[in-house]
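Each chain is listed here by its residues.
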Amino acid sequence: MTKVCVVTGATGALGSAIVAALVQEDYLVLACGRNHKRLERLADSLWHHAGEVCPWVANLSTFSHTTLRQDLSRLLPPSRVAPDVLVCAHGAPPCSRPT
């Protein structure tokens, strides 16, 4: 079974390098970032590797826990309830704290 990883900050220098390394190791990578064009370019540049990149446009600093869960359930393969790995390579908090 293919492992699934979420990489936040995927369009930055560190994030894109991590995405590239994971795709080479046959991961399905949910590449999260705020810039759709940069995410698409990243995915296009890695299409020939063993794994797969799924661009996920989101600003996690403004996400609620509910929105985060909804997006992940939409993006993850049907047999998955959570990713295997989470890499936080972004510069903002991942989401707001519940009240």
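Note: the structure precedes this text.
All values reported here derive from a predicted model rather than from experimental measurement.

A. Fine view of the pattern of salt bridges. Under the counting rule described, the total for this entry stands at two salt bridges. Between Arg74 and Asp71 there is a salt bridge, and its shortest N-O distance comes to 3.4 Å. Taken as a pair, Arg74 and Asp71 lie in helix α3 (residues 65-75) at a separation of three residues, close to a single helical turn. For the salt bridge of Asp84 with Arg80, the shortest nitrogen-to-oxygen distance reads 2.5 Å. By relative accessible area, Asp84 is classed as partly exposed at 42%. For Arg80, a relative accessible area of 14% gives the class buried.

B. Here's a closer look at the sheet that holds strand β1 (residues 4-8). Within the open sheet, the four strands sit side by side as β3-β2-β1-β4. Their pairing is parallel. Edge positions in the sheet fall to β3 (52-57) and β4 (85-88), since each of these pairs with one other strand and no more. The mean inter-strand angle of the sheet, taken between neighbouring strand axes irrespective of direction, is 20 degrees. Inspection of the sheet shows β1 paired to strand β2 (residues 28-33) by five bridges, in the parallel sense. Across the sheet, residue Thr8 finds its bridge partner in β2, namely Cys32.

C. Layout of α3. When α3 is considered as a whole, its buried residues turn out to be Leu68, Asp71, Leu72 and Leu75. All buried residues of α3 project into a common sector of 100 degrees when viewed along the axis, lining one side. Exposed residues pointing more than 90 degrees away from the buried face of α3 are listed as Arg69, Gln70, Ser73 and Arg74. Residues of α3 that are buried make contact with β1, β2 and β3.

Cut-offs applied
- Residues numbered from 1 in each chain as written.
- Predicted model: local features only at pLDDT ≥ 70, side-chain atom pairs only at ≥ 80, totals over all residues.
- Heavy atoms only, no water.
- Salt bridge = Lys/Arg side-chain N within 4 Å of Asp/Glu carboxyl O.
- Helix = DSSP H or I, 4+ residues; strand = E, 2+ residues; numbered from the N terminus.
- Buried < 20%, exposed > 50% of the residue type's maximum accessible area, 1.4 Å probe, protein only.
- Pairing = 2+ DSSP bridges.
- Axes fitted to C-alpha atoms, helices over the stretch in contact; angles between N-to-C directions.
- Arc of directions from axis to C-beta.
- Contact = heavy atoms within 4.5 Å.

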